[in-house]
Amino acid sequence: MSHCQIMGILNLTPDSFSDGGHFNQIDSALKHALTMHQAGADYIDIGGESTRPGAKIVSEVEELARVIPVIEALRREAPEIKISLDTHKPAVMQAGIERGVALINDVNALQTAGAVACVAASDVEVCLMHKQGTPATMQAAPEYDDVVKDVCDFLALRRDVCIEAGIAKERIILDPGFGFGKTLEHNIELMQQLAQFQTLDCRLLVGVSRKSMIGAILDKQVDERLAGGLALALLAMQAGAQIIRTHDVEATMDVLKIWQACA
Ligand code: YH5
């Protein structure tokens, strides 16, 4: 049985905060991060740019204004917490790295110019995620020859680019990117074949929390998807996922403990 860790999601997009930088918003973000850490989260994933289907593009200035005050506050109040920074912009990565983040979580798999060099020059971990298309277009008509092979090949390629640039394999985490340019059938096939991604010889991260595949299977709205997300988290753990990204840390910890007790 391999070890599994939990990444708690801290969303700093305007869906949850009207604009960055105000004390109340920093304070409530901090409180939420501490609550998730106490519940057992190993990483807190801070994101200032919504990557949901159809989301608006956020400028570098605005993204920095949202995430930097929270990173600084969290480093000050709870330096033991490992911060993951969800961004694809090298300037935002660099600002986060200078302020002590432990991981760069890039849904663009470091394909933006300068991103690989930025991570390679540091000692942070990096999560490389697969997606097809952009958040604006990705759910239009996703197509693959063989979704598992296509995603696997892409992740192997990005992993090798990183290794070539001097990022040790141990620092690299791979993620099939559930819901990013995938139909329900694609997502189900990726979950069924998830164990195959272990052949890539890196840690594997899975993010399914509250996503539309749960909604599609159960016909449930976002706020009714907890049990469905926990069921998928358990399947991911069994298939060898080493990090589960979730909004629901306490409940996911319960699942993890039950799985560990019975594995
Ligand atoms: C991920 O899988 N996902 S942001 C739509 C939802 C609920 C949740 C309609 N960042 C991932 O969480 N980073 C996001 O309901 C991620 N892996 C990694 N590494 C999308 C999201 C969500 C979207």
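Here the structure is a predicted model, which is why all the values come from computation and not from measurement.

**Student:** Would you mind showing me how to read the layout of surface pockets here?
**Tutor:** Over the atoms, a rolled probe matching the size of one water molecule traces out where space is still vacant. Of the voids in this model, the second largest pocket is the one considered here, and its volume is about 220 Å³. Forming the walls of the second largest pocket are 13 residues, and the residues nearest its centre are Glu49, Ile57, His88, Thr134 and Pro135. Across the lining of the second largest pocket, the residue classes tally to five nonpolar, five polar and three charged.

**Student:** I'm lost on the packing of helix 2 (residues 60–77) against helix 3 (residues 90–98) in this one. Help?
**Tutor:** How two helices pack is summed up by the angle between their axes together with the distance between the axes. Running from N to C, helix 2 and helix 3 point in directions that differ by 15°, and their axes come no closer than 10 Å. Here helix 2 is positioned roughly parallel relative to helix 3, judged by the angle of their axes. Like other packed secondary-structure pairs, helix 2 and helix 3 cross with a definite hand, here right-handed. Residues Glu60, Glu63, Leu64, Val67, Ile68 and Ile71 of helix 2 lie in contact with helix 3, whose contacting residues are Ala91, Val92, Ala95 and Gly96. Residue classes in the contact of helix 2 with helix 3 are distributed as seven nonpolar, one polar and two charged.

**Student:** Any chance you could explain the pairing of strand 3 (residues 82–86) here in plain terms?
**Tutor:** If a strand is regular, its side chains alternate between the two faces of the sheet. The element strand 3 is largely enclosed, with a buried count of four among its five residues. As judged from the five bridges shared by strand 2 (residues 43–47) and strand 3, these two strands associate in the parallel manner. Each residue of the ladder has a partner; that of Ile44, found in strand 3, is Ile83. Across three bridges, the pairing between strand 3 and strand 4 (residues 103–106) is parallel. Looking at strand 4, one finds that Ser84 is bridged to Leu103. Regarding the hand of the β-α-β motif, the stretch spanning strand 3, helix 3 and strand 4 is right-handed.

**Student:** What is the right way to look at the pairing of strand 8 (residues 243–246) in this model?
**Tutor:** Of the two faces of strand 8, the one lined by Ile243 and Arg245 and the one lined by Ile244 and Thr246 are each fully buried. Here four bridges tie strand 1 (residues 5–11) to strand 8, and the two strands are oriented parallel to one another. The residue of strand 8 that forms the bridge with Met7 is Arg245. In terms of strand pairing, strand 7 (residues 203–207) meets strand 8 through three bridges, oriented parallel. Bridge pairing in strand 8 places Leu205 opposite Ile243.

**Student:** What exactly am I supposed to notice about the site of the ligand here?
**Tutor:** Inspection of the region around the ligand gives 17 residues, with Thr51, Asn105, Asp175, Lys211 and Arg245 positioned closest. Measuring from an oxygen atom of the ligand, one finds a side-chain N or O atom of Lys211 at 2.6 Å. One of the side-chain nitrogen or oxygen atoms of Arg245 is found 3.0 Å away from an oxygen atom of the ligand. When contributions to the shell around the ligand are tallied by element, the ones reaching two or more residues are strand 5 (125–129) and strand 7. Residues that form the shell around the ligand fall into these classes: five nonpolar, five polar and seven charged.

What counts and how
Throughout, a residue's number is its position along its own chain's written sequence, starting from 1. Two thresholds apply to this predicted model, a pLDDT of at least 70 for residue-level local features and 80 or more for giving and counting side-chain atom pairs, whereas whole-chain, interface and lining totals are computed over all residues. With hydrogens and water excluded, all non-hydrogen atoms of the structure serve as input to the side-chain values. Using a 1 Å grid laid over the protein atoms alone, points where a 1.4 Å probe fits but cannot get out form a cavity; open sets with protein on both sides within 12 Å along at least 5 of 7 lines form a pocket; any residue with an atom within 4 Å of a point counts as lining. Grid points are joined across faces, edges and corners, and a volume is the space filled by probe spheres set on the points. Side-chain classes are defined by residue name, with Ala, Val, Leu, Ile, Met, Phe, Trp, Tyr, Cys and Pro counting as nonpolar, Asp, Glu, Lys and Arg as charged, and the others, Gly among them, as polar. Each axis is a line fitted through C-alpha atoms, and for a helix only the stretch in contact is used; angles between axes span 0 to 180 degrees, taken between their N-to-C directions. In DSSP terms, a helix is any run of H or I states spanning at least four residues, a strand is any run of E spanning at least two, and both are numbered starting from the N terminus. For classification purposes, an angle smaller than 35 degrees is called roughly parallel, one larger than 145 roughly antiparallel, one from 65 to 115 roughly perpendicular, and anything else oblique. The handedness criterion is simple: a crossing whose near helix is rotated anticlockwise from the far helix by less than a right angle is left-handed, and one whose near helix is rotated clockwise is right-handed. Only heavy atoms matter for contacts: two residues are in contact if any of them lie within 4.5 Å across the pair. Remark: exposure states derive from per-residue accessible area (1.4 Å probe, protein chains only) relative to the maximum for the residue type, with buried under 20%, exposed over 50%, and partly exposed in between. Only strands that DSSP links by at least two bridges are regarded as paired with each other. Here a crossover is taken to be right-handed if, once the strands point away from the viewer, the path from the first strand over the helix to the second is traced clockwise. Note on terminology: near, applied to a residue and a molecule or strand, indicates that one of the residue's heavy atoms is within 4 Å of it. Counting of polar contacts relies on pairs of N or O atoms within 3.5 Å, with two restrictions inside protein: one atom must be capable of donating a hydrogen and the other of accepting it, and residues adjacent in sequence are counted only when both atoms are side-chain atoms.

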